[in-house]
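# Tertiary structure, described
One-letter residues, chain by chain:
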Amino acid sequence: MQIVTAKEMYEIDRLTIEKGGVDGKLLMENAGRSIVNHMLPIIDRTKSILVLVGGGNNGGDGFVIARTLLTDGYDVLVVQLVPDYKIKGEAAYHKQLWLNFGGIVHVFQDTSMIRRYLLDADIVVDAMLGIGISGEVRQPLKDVIGLVNQVEALTISVDIPSGLPADEGESHFEAVVADYTFIVEHPKMSLFLESCSPFYGKWEVVKIGLFHSNLSSGSRIAWRERDVKRTLPKRSRNSHKGTHGRGLVIGGSSTMPGSIAMTLKAALRSGAGLITGGTINEVFSSIASHCVEATYLPLLGKAGAMTTQPVDVSMYNAIAIGMGMGRNEETAAFTRQLVKDVTKPILIDADGLHHIKDDLASISQRKQPTILTPHPGEMAMLTGISVREILLHPFEVSKQFAYEHNVYLVLKGPHTIITDPNGNQLVNTTGNQGLAKGGSGDVLSGVLLAMIMQEQSMIEALANGCFIHGKSADLLISSHRSTEDLLATDVIDGLASVFRTL
Ligand SMILES: NC(=O)C1=CN([C@@H]2O[C@H](COP(=O)(O)OP(=O)(O)OC[C@H]3O[C@@H](n4cnc5c(N)ncnc54)[C@H](OP(=O)(O)O)[C@@H]3O)[C@@H](O)[C@H]2O)[C@@H](O)CC1
Ligand SMILES: [K+]
């Protein structure tokens, strides 16, 4: 499922009309009808429906929705929020059809009129503004949006909640808070931004028959279960423990022994063939009984943390480093040296990210994949860009960083974005707020380590790992856990139910 900017959406629309020869009026008809089909399970004929239409093609979709519902026997009222002369082109055509079919258009007079209609409505269809919005919402729409958000009626937005930007980078907006949004053909970027996604409510994508095209701006895809099923390697009957990779996890310190234990266990539960924990004796003695399936590589330590030393990694297929390591300077030097020397794929998380911050130049020289898995705070530390700015432009910031430093970047969050060094992006579609807890990152690193050792493209392996991790949390929340009590170790236990369905 391709994620688009407004500009890309218009480009696809243009191609469909110019190359595909599909009339724009037909696309609008398709959009309105598909949306009604998706609305049917949540509406019924006892409900009164108010359709609020604006002056652009989003409003045009609104006229199609109104006509389709009217001919189906629904009680529908249309309020047009702009003067008649503003309705042009395809929207004017569909407005005329609405009138031809006996529909009435109530033109906006003042906000008290809207308040009255809103109070009488059970369902509000928001077709005021789509992806063609520019700048801050003007009056009277601004007030109408405020009123829509005050009333009890179920709000269904067409394509995008009115007032919401389609792209990243906007911080000031006033928008409809929808209960449902039926998105036309492709999800817009804002669906995956922390500041915008809550406005969408529940959402679904409706197909209207647009051209399938590769966008020049590179791929940006929402990664769903069907993608995981398509790309996740199947275990063969003939495989042995070496087939699925030998992974090394380096981490732990006397005050944080649990982190590496969770990574080891998560890797083992995600299909890794053999997993070794590289850690100091103190950590080893406290975690060994918790993950008996792992083997251990004793590392030298001082004052409870790792010191600089050579590590023979020749027998491993991939390495994860950083979890629970602590920030001491000698441990940092050890991490930098190891990352520079090893010629294996390496995943760097948590304290490891702090250690390599000033050595990103040597990371970009690595010939084997380097995977960095920061949360926004760690991303801010790595880039010097504020968390606020990162959350405002996560796609752009990730792309620039991955490209500049030749890394695979897993920017963690409610919508984790995985970016490869060429700027291709996959966005995870699973997970819930129960994962915003200590230990979640350690578990994710273990799942990712197991994934990158199995035969699949690196970016897909990372996206599959993020999906599986989030899905485990989702299944737990939908059965016997809550977002409050969910622990990182529960997510490890929940992996079984995810793998059984894939
Ligand atoms: N393939 C497709 O793409 C298809 C797209 N389709 C649909 O079309 C939608 C895009 O339509 P669009 O381009 O006409 O823009 P749209 O969102 O209706 O906004 C334009 C109107 O908003 C107004 N306006 C702008 N800024 C404003 C502000 N700050 N504050 C207040 N008003 C503002 C502007 O007024 P003006 O500035 O001209 O006075 C104009 O009246 C898309 O989301 C989807 O629903 C489907 O029908 C099928 C195929
Ligand atoms: K809308």
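Residues numbered from 1 in each chain as written. Chains lettered and ligands numbered in written order. Predicted model: local features only at pLDDT ≥ 70, side-chain atom pairs only at ≥ 80, totals over all residues. Heavy atoms only, no water.

A cis amide bond links glutamine 139 with the next residue in sequence, proline 140, at an omega value of 0 degrees. Note on placement: proline 140 falls in the loop between strand 4 (123-127) and helix 6 (141-150). Look at aspartate 159: it is not a glycine, yet its phi comes out positive at around 70 degrees. Aspartate 159 sits in the buried class, given a relative accessible area of 7%. The phi torsion at alanine 303 lies on the positive side, around 50 degrees, for a residue other than glycine. You can see alanine 303 is positioned in the loop between strand 12 (301-302) and strand 13 (305-306). (Helix = DSSP H or I, 4+ residues; strand = E, 2+ residues; numbered from the N terminus. Buried < 20%, exposed > 50% of the residue type's maximum accessible area, 1.4 Å probe, protein only.)

Moving on, we get to the packing of aromatic side chains. Per the counting criterion, the structure on display carries three aromatic pairs. Between phenylalanine 173 and phenylalanine 199, the ring centres sit 5.5 Å apart and the planes meet at 70 degrees, which makes this aromatic pair edge-to-face. Pair noted here: phenylalanine 173 is in the loop between strand 5 (154-158) and strand 6 (180-184) and phenylalanine 199 is in helix 7 (residues 197-200), with a separation of 26 residues, a long-range link. A cation sits over an aromatic face here: lysine 25 above tyrosine 93, 4.9 Å from the ring centre. The positively charged end of arginine 67 is found above the aromatic ring belonging to phenylalanine 101, 5.6 Å away from the centroid. (Phe/Tyr/Trp six-rings, centres within 6.5 Å; stacked < 30°, edge-to-face > 60°. Lys NZ or Arg CZ within 6 Å of the ring centre and 35° of its normal.)

A few words on the site of ligand 1. As a structural note, the neighbourhood of ligand 1 is formed by 24 residues, with Tyr10, Asp61, Lys86, Gly130 and Asp159 the closest of them. Here an oxygen atom of ligand 1 sits 2.8 Å away from a polar atom, N or O, in the side chain of asparagine 58. Between glycine 132 and ligand 1, the recorded distance is 2.8 Å, taken from a backbone N or O atom to an oxygen atom. A total of 940 Å² of accessible area belongs to ligand 1 in isolation, and the protein chains cover 84% of it. Contributions of two or more residues to the shell around ligand 1 are made by helix 1 (6-18) and helix 3 (57-71). When grouped by side-chain class, the residues that make up the shell around ligand 1 number 10 nonpolar, eight polar and six charged. (Near = heavy atom within 4 Å. Polar contact = N/O pair within 3.5 Å; in protein donor to acceptor, adjacent residues only side chain to side chain. Areas by Shrake-Rupley, 256 points an atom, 1.4 Å probe, with all protein chains shown as cover. Nonpolar A, V, L, I, M, F, W, Y, C, P; charged D, E, K, R; others polar.)

Here we take up the sheet that holds strand 3 (residues 105-107). The seven strands lie next to each other as 3-2-1-4-5-6-7, forming an open sheet whose pairing is parallel. Taken across any chain shown, the strands that pair with only one partner, and hence form the sheet edges, are strand 3 and strand 7 (202-206). Across the sheet, the mean angle from the axis of one strand to that of its neighbour is 20 degrees, orientation sign disregarded. Relative to strand 3, strand 2 (residues 75-80) is paired through three bridges, and the arrangement is parallel. (Pairing = 2+ DSSP bridges. Axes fitted to C-alpha atoms, helices over the stretch in contact; angles between N-to-C directions.)

This brings us to the domain arrangement of the protein chain. Parsing the protein chain into structural domains produces domain 1 (6-215) and domain 2 (225-501). Relative placement of domain 1 and domain 2: their C-alpha centres are 42 Å apart. Counting residues at the interface gives 10 residues for domain 1, matched by 10 residues for domain 2. Note on domain 1 versus domain 2: buried area summed over both sides is about 980 Å², and carbon and sulfur give 65% of it. If you sort the residues of domain 1 by the area they bury against domain 2, Glu168, Phe192 and Glu194 come out on top, with a joint share of 56%. Where domain 1 meets domain 2, there are zero salt bridges. At the boundary of domain 1 and domain 2, one finds four residue pairs in polar contact (both at pLDDT 80 or more). Grouping the constituent residues of the side of domain 1 that touches domain 2 by class yields four nonpolar, three polar and three charged. (Domains from an automatic or database assignment. Contact = heavy atoms within 4.5 Å. Buried area = accessible area lost by both parts, 1.4 Å probe. Salt bridge = Lys/Arg side-chain N within 4 Å of Asp/Glu carboxyl O.)

So, on to the side chain of histidine 94. Relative to the elements of secondary structure, histidine 94 occurs in helix 4 (residues 89-100). Residue class for histidine 94 comes out buried when judged on its relative accessible area of 1%. Of the polar contacts made by the side chain of histidine 94, one reaches the backbone oxygen of lysine 25; its length is 3.0 Å. In this structure, histidine 94 is in contact with Lys25, Met28, Glu29, Gly60, Phe63, Val64 and Arg67, ignoring residues within four places of it in sequence.

To continue, consider the nonpolar core. Counting residues in each nonpolar core, the largest one holds 84 residues, and the members touching the most others are Ile250, Ile348, Leu372 and Leu462. Counting 55 residues, the second largest nonpolar core, distinct from the first, contains Ile12, Ile49, Leu69 and Ala175. (Core = buried A, V, L, I, M, F, W, Y, C linked by side-chain atoms within 4.5 Å.)

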